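Structure assessment
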Amino acid sequence: QVQLVESGGGLVQPGGSLRLSCAASGFSFSDYTLAWYRQAPGKERELLAGITRTGGKSNYTNSVKGRFTISRDNAKNTGYLQMNNLRPEDTAVYYCNTGPLLAGGRRAYWGQGTQVTVSS
């Protein structure tokens, strides 16, 4: 049974940091690129970052470049998103996405999401 479970979200003050985790089970995690997305209320789901199967390459959308870092530990079947210098506009539900590639560029497996709220 394929499962992705995000954790690590919460309430943080502007300028603070959080580290999100994405624990995978039921499939071969190391076979697939991993991505993180977020979705704010009333907005479309936004791609934030992606990392290759081995972790050798990563890329970021401009709004998080220099503040967020994506990583993975294939031995632990876990992906991560380190988020620093958080801003109120980073408030959203954050999702990890991996698995076989589908039409449209997204992958087949999603977690349930973890809420990140940035507020003073």
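Before reading further, recall that the structure is shown in the block above.
Since we're looking at a predicted model, the values are computed, not measured. (Residues numbered from 1 in each chain as written. Predicted model: local features only at pLDDT ≥ 70, side-chain atom pairs only at ≥ 80, totals over all residues. Heavy atoms only, no water.)

Now for the environment of E46. Its place among the elements puts E46 in strand 5 (residues 46-51). Given the relative accessible area of 28%, E46 is considered partly exposed. Linking E46 and T69, residues 23 residues apart in sequence, is a C-alpha distance of 16 Å. Those residues within four positions of E46 in sequence are excluded, and the remaining contacts are W36, Y37, R38, T61 and S63. (Helix = DSSP H or I, 4+ residues; strand = E, 2+ residues; numbered from the N terminus. Buried < 20%, exposed > 50% of the residue type's maximum accessible area, 1.4 Å probe, protein only. Contact = heavy atoms within 4.5 Å.)

Turning our attention to the nonpolar core. Grouped together as the largest cluster of nonpolar side chains are 26 residues, with contacts concentrated most on W36, F68, L81, M83 and Y94. Considering every element that reaches this core, the biggest residue donor is strand 3 (residues 18-25), with four residues. Discounting chain neighbours no more than four positions away, the residues touching L81 are L18, R19, L20, W36, L48, F68, T69, I70 and Y94. (Core = buried A, V, L, I, M, F, W, Y, C linked by side-chain atoms within 4.5 Å.)

With that settled, the discussion passes to the packing of aromatic side chains. What the rule picks out here adds up to four aromatic pairs. Between F27 and Y32, the aromatic rings sit 6.2 Å apart at their centres with planes inclined by 45°, giving tilted as the arrangement. We classify Y32 as partly exposed; its relative accessible area is 21%. A ring pair is formed by Y95 and W110, whose centres lie 6.2 Å apart and whose planes are at 85°; its orientation type is edge-to-face. Pair noted here: Y95 is in strand 9 (residues 92-101) and W110 is in strand 10 (residues 107-110), with a separation of 15 residues, a long-range link. For Y95, a relative accessible area of 13% corresponds to the buried category. (Phe/Tyr/Trp six-rings, centres within 6.5 Å; stacked < 30°, edge-to-face > 60°.)

Below, the discussion takes up the sheet that holds strand 3. Reading across from one edge, 1-3-8-7 is the order of the four strands in this open sheet, with antiparallel pairing throughout. The open sheet is flanked by strand 1 (3-7) and strand 7 (68-73), the only strands paired with a single partner. Within this sheet the neighbouring strands show an average axis-to-axis angle of 15°, counted without direction. Sheet analysis places strand 1 next to strand 3, joined by five bridges and oriented antiparallel. Bridge pairing in strand 3 places L4 opposite A24. (Pairing = 2+ DSSP bridges. Axes fitted to C-alpha atoms, helices over the stretch in contact; angles between N-to-C directions.)

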